[in-house]
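Understanding the architecture of this molecule
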Amino acid sequence: MSETPPKRESKNFVEQSIDADLQSGRFQSVNTRFPPEPNGYLHIGHAKSICLNFGLAKTYNGTCNLRFDDTNPVKEETEYVDAIMKDIKWLGFEWDSLHYASDYFEDLYQWAEQLIQSGDAYVCDLSAEEMREYRGSLTESGRNSPDRDRSPEENLDLFRRMRAGEFPDGSRSLRAKIDMASPNINFRDPVMYRILRASHHRTGDTWCIYPTYDWTHGQSDSLENISFSICTLEFENHRPLYDWFCQKLGIHHPRQIEFAKLKLSSLVVGKRFMLRLVKEGHVSGWDDPRMPTLSGYRRRGYTPESIRNFCSDVGVAKFNSTIDMVRLENSVREHLNKIAPRRMAVLDPVKLTITNWPEGQVEIMEAVNNPEDPEIGKREIPFSGNLLIERGDFREEAPRKFFRLKKGGAVRLRAGYIVDCYDVIKDEDGKVTEILCTYDPETRSGADKSGRKVKGTIHWVSANHAKEMTVRLYDRLFTVEDPGSTEEGKTYLDYLNPNSLTTVTAYAEPSLQSHEIGDRIQLERIGYFVLDPDSQAESIVLNRIVPLRDTWGKMEAKGKTV
RNA sequence: UACCCCGUGGUGUAAUGGUAACACUACUGAUUUUGGUUCAGUCAUUCAAGGUUCGAGUCCUUGCGGGGUAGCCA
């Protein structure tokens, strides 16, 4: 009998906290929620939170709700609600139940009256500016509001009249009565309600007072019987307040746990940053394939699996780290390598003519769809004497380590024959317009009787059979690592990459014609591509998802080719 | 200069007081009809200084460094 060694899987600090609470009996189950404010589109940073919350529910056999934190009507729209739900589903998650903080407005109101009656909240007549003055600063304590000692009766009366609409916007607020000298500024009598006449995307004009985040979040969690309320680090200082409200109210008390949000190199994810890119036309919309939004990645061709893998890959901790973009791209390549059928297309063509090829003859070659997955079979590609190859795959004079085609050299045409180049034709500017080769009939792919070995293999397409298609080559939007923090007098717009999108016409093997929108393929030796929704029957548009790793390009850039 | 949080290779994450692990990057090399993939190898004594301990990345103290917080935003 072999003993299985005790296998300890490593857990992140959130899971460790959960384990401890489950063990101690503080909670019996794991109930989480993902609580976006519907004021914009979800981005890659949200993906981390989504994967965390839904993932925890799954691993602990618990539940995860979707709750829209819609307490600020001036910023929120139904359009965003719909987009958010679509993105979460696309990522591959299903919520156990759907809620809106606005569903709890009446509960919240009743609880507010309760705190007023217990003397823990009061109506304050200070204006916003006055309140700021009274609050003190980071180093000085605040002063009590002149209205702080109003009686519960008077407060109740005023609060009811606030709700009834008797006072103008901003003229009064309801505040928790805590401690104006607290070193935690969130304890300096935080606002619970503001008077705000704005139409809410769900409750319309029913309310003219709206609860703030602090007064809403914990109680919403409580009502949904959430056990672990997971949020990002900037809410750390709010946790004491979260706890204070639950305790004062004597209600089910979830545990708030904070983690570091995802920060990726060379992109900006802030709402106003992204909004400006869209509004000023630097990108085509929220789903522009260069955008870090989930809808952008979807259109770009990223798979939900690869984003999920990426999120679990980067882990969860409290350290503010920056993840290199290549991690995400790597995760995409890793998945696509396994699932994407291979095809050939030439993006920057030059003619290659096989002068010993029988005039007018066409041969059908067979090529595997994906060497990683023999299950998905083979495809047929027409081969002829008039080919197109990549201009970059030919050099008249080439360094020693250039394994592609050179004058006087030979190369294998993938899934075809070995050809020998004996001459080139140039135009008056000296630019090569045609490469003249002979082929070796003994070297047919899969039936090579020659025993010949060549160093390089290149892709090609038969000129008369090739299908023209539009290819959009995407690169990163910004040229710097951290577009968010820029030097004096510059904004992130000064670091926009002028080459973030280039469009070229490609010549592709005929089988590419039979793909559908959303299909992902690998163009051999180039990269992974997805059929864009802009595609028409006869005019296909491909988006480059991510290029293949390019060891040669790297060597060349470093001058290591000799 | 108040309070809170954080400091482990180039980048991240782990090590639950017992002798630094995993992934990515980078660099070597092998295989390869994609310079792709795959495979093998190389790259840290844990911010610093004290202390507790038989033993400290883990606990304590101080310092240094980074982040957050002064919306009637979330």
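Since we're looking at a predicted model, the values are computed, not measured. (Residues numbered from 1 in each chain as written. Chains lettered and ligands numbered in written order. Predicted model: local features only at pLDDT ≥ 70, side-chain atom pairs only at ≥ 80, totals over all residues. Heavy atoms only, no water.)

1. Describing the packing of aromatic side chains
Keep this limit in mind: To pair, rings of Phe, Tyr and Trp, with the six-membered ring standing in for Trp, must have centres within 6.5 Å; the planes then decide the type, stacked if under 30 degrees apart, edge-to-face if over 60, and tilted in the middle. Put simply, DSSP marks the helices as runs of H or I at least four residues long and the strands as runs of E at least two long, and each gets a number from the N terminus on. Whether a charge sits over a ring comes down to the Lys NZ or Arg CZ being within 6 Å of the ring centre and within 35 degrees of the ring normal.
Enumeration according to the criterion identifies 23 aromatic pairs in this entry. Note on Trp 357 and Tyr 417: the rings are 6.0 Å apart at their centroids and 70° apart in plane angle, and the pair reads as edge-to-face. Taken together, the residues span a long stretch of sequence, with Trp 357 in the loop between strand E12 (349-354) and strand E13 (363-368) and Tyr 417 in the loop between strand E18 (410-413) and strand E19 (418-426) at a distance of 60 residues. Among the aromatic residues, those joined into a cluster by ring pairs are Phe 105, Tyr 109, Phe 159, Tyr 193, Trp 207 and Tyr 210. Note that Arg 298 overlies the ring of Trp 90, its terminal NZ or CZ placed 5.5 Å from the centroid. Here the basic side chain of Lys 455 rests over the ring of Phe 403, its NZ or CZ set 4.9 Å away from the ring centre.

2. Points about the protein's contact with RNA strand B
Using the following cut-off: By convention in these notes, a residue is near a molecule or strand provided one of its non-hydrogen atoms lies within 4 Å of it. Polar contacts, as used here, are pairs of N or O atoms within 3.5 Å; protein pairs need one atom able to donate a hydrogen and one able to accept it. Residues neighboring in sequence count only if both atoms are side-chain atoms.
Within the structure, RNA strand B sits among 68 residues, and Arg 342, Arg 404, Ser 445, Arg 549 and Lys 558 are positioned closest to it. Take the atoms of RNA strand B that sit within 4 Å of the protein: sugar and phosphate atoms are 63% of them. A distance of 2.6 Å separates a base nitrogen of RNA strand B from a polar atom in the backbone of Leu 126. The contact in question runs from a base nitrogen of RNA strand B to an N or O atom on the side chain of Glu 524, over 3.4 Å.

3. Quick look at the pattern of salt bridges
Put simply, the rule reads: The salt bridge criterion pairs a side-chain nitrogen of Lys or Arg with a carboxyl oxygen of Asp or Glu, the two atoms within 4 Å. The rule is simple: take the accessible area with a 1.4 Å probe, protein chains only, and divide by the maximum for that residue type; under 20% is buried, over 50% is exposed, in between is partly exposed.
Under the criterion given, the structure shown has 44 salt bridges. For the salt bridge of Arg 290 with Asp 288, the shortest nitrogen-to-oxygen distance reads 2.9 Å. Given the relative accessible area of 15%, Arg 290 is considered buried. The salt bridge involving Glu 366 is made with Lys 378; its shortest N-O contact spans 3.8 Å. A residue pair is termed long-range when its members are at least 10 positions apart, and Glu 366 in strand E13 and Lys 378 in strand E14 (residues 378-383) qualify at 12 residues. A residue is classified by how much of its surface remains accessible, and Glu 366, at 49% relative accessible area, is partly exposed. Looking at Lys 378, the relative accessible area reads 53%, which means it is exposed. Here the salt bridges share partners, and the residues they tie into one network are Asp 125, Asp 147, Arg 150, Glu 154 and Arg 172.

4. Re the layout of surface pockets
Put simply, the test is: Both cavities and pockets are sets of points on a 1 Å grid over the protein atoms alone; in a cavity a 1.4 Å probe fits but cannot get out, in a pocket the set is open with protein on both sides within 12 Å along at least five of seven lines, and lining residues sit with an atom within 4 Å of a point. Grid points are joined across faces, edges and corners, and a volume is the space filled by probe spheres set on the points.
Volume-wise, the second largest pocket comes out at about 950 Å³. Contributing to the lining of the second largest pocket are 27 residues, with Arg 525, Ile 526, Leu 548, Arg 549 and Asp 550 lying nearest its centre. Of all elements in the fold, only strand E27 (541-547) and helix H13 (551-557) reach the threshold of two or more residues within the lining of the second largest pocket. At four residues, the largest contribution of residues to the lining of the second largest pocket is made by H13.

5. Quick word on the sheet that holds strand E3 (residues 98-100)
Heads up, the condition is: DSSP calls a pair of strands paired once it identifies at least 2 bridges connecting them. Axes, fitted as lines to C-alpha atoms, cover a helix only where it is in contact. Angles between the N-to-C directions of the axes lie from 0 to 180 degrees.
Across the sheet, three strands lie side by side as E1-E2-E3; this open sheet has parallel pairing. Edge positions in the sheet fall to strand E1 (31-34) and E3, since each of these pairs with one other strand and no more. The average angle at which neighbouring strand axes cross in this sheet is 35°, direction not considered. Direction of pairing for E1 relative to strand E2 (residues 63-68): parallel, over a ladder of four bridges. Its bridge partner being in E2, Asn 31 is matched across the sheet by Thr 63.

6. A word on the packing of helix H11 (residues 304-314) against helix H12 (residues 325-339)
Put simply, the test is: These descriptions rest on fixed angle ranges, namely under 35 degrees for roughly parallel, over 145 for roughly antiparallel, 65 to 115 for roughly perpendicular, and the rest for oblique. In this scheme, a crossing is called left-handed if the near helix is turned counterclockwise away from the far one by less than a right angle; it is called right-handed if the turn is clockwise. We call two residues contacting when some pair of their heavy atoms lies within 4.5 Å. Throughout this entry, Asp, Glu, Lys and Arg are counted as charged residues, while Ala, Val, Leu, Ile, Met, Phe, Trp, Tyr, Cys and Pro are counted as nonpolar. The remaining residues, Gly among them, count as polar.
Running from amino to carboxyl end, H11 crosses H12 at an angle of 130°, the nearest separation of the two axes being 8 Å. Taken together, the axes of H11 and H12 are oblique relative to one another. The two elements H11 and H12 meet at a crossing, and its hand is right-handed. Facing H11, whose interface residues are Glu 305, Ser 306, Asn 309, Phe 310, Asp 313 and Val 314, H12 presents Arg 327, Leu 328, Ser 331, Val 332 and His 335. Considered class by class, the residues forming the contact of H11 with H12 number four nonpolar, four polar and three charged.

7. Points about unusual backbone geometry
Of note, Ser 266 is a non-glycine position whose phi angle comes to about 60°, a positive value. Relative to the assigned elements, Ser 266 resides in the loop between strand E9 (255-259) and helix H9 (271-279). Within the chain, Arg 525 stands out as a residue other than glycine whose phi angle is a positive 70°. If you trace the backbone, Arg 525 turns up in the loop between strand E25 (520-523) and strand E26 (527-531).

8. Some remarks on the domain arrangement of chain A
Stated precisely, the cut-off is as follows: Either an automatic procedure or a domain database provided the assignment from which the domain bounds are taken.
Once the domains are mapped, chain A shows domain 1 (13-263) and domain 2 (341-466). Centre-to-centre separation of domain 1 and domain 2, based on C-alpha positions: 64 Å.

9. Comments concerning a positive patch on the surface
Definition in use: A patch consists of residues whose relative accessible area exceeds 30% and which take part in no salt bridge; residues with like charges are grouped when within 9 Å of each other, and nonpolar side chains (Val, Leu, Ile, Met, Phe, Trp, Tyr) when within 5 Å. Under the convention used here, a 1.4 Å probe and the Shrake-Rupley method define accessible areas, while residue burial counts only the protein chains that appear. Only four residue types enter the tally: Lys and Arg on the positive side, Asp and Glu on the negative side, with His and both chain ends excluded. A charged residue contributes its charge at one atom only: NZ of Lys, CZ of Arg, CG of Asp or CD of Glu.
Taken together, the side chains of Arg 400, Lys 401, Arg 549, Lys 554, Lys 558 and Lys 560 make up a positively charged region of the molecular surface. Looking at the element boundaries, Lys 401 is found in the loop between strand E16 (394-395) and strand E17 (405-406). According to the relative accessible area criterion, Lys 401 is partly exposed, its value standing at 32%.

10. Overview of the nonpolar core
Let me state the cut-off plainly: Residues enter a nonpolar core if they are buried and are Ala, Val, Leu, Ile, Met, Phe, Trp, Tyr or Cys, with the set joined through side-chain atoms within 4.5 Å.
Counting 40 residues, the largest nonpolar core has Ile 88, Leu 264, Ile 307 and Leu 328 as its most contacted members. Put simply, the parts of the chain that give this core at least two residues each are helix H2 (44-59), E2, helix H3 (78-91), helix H10 (294-300), H11, H12, E26 and E27. When neighbours within four sequence positions are excluded, Leu 264 is seen to be in contact with Ile 44, Phe 310, Thr 322, Ile 323, Asp 324, Met 325 and Leu 328. Membership of the second largest hydrophobic core comes to 36 residues, among which are Tyr 109, Ala 176, Leu 241 and Phe 245.

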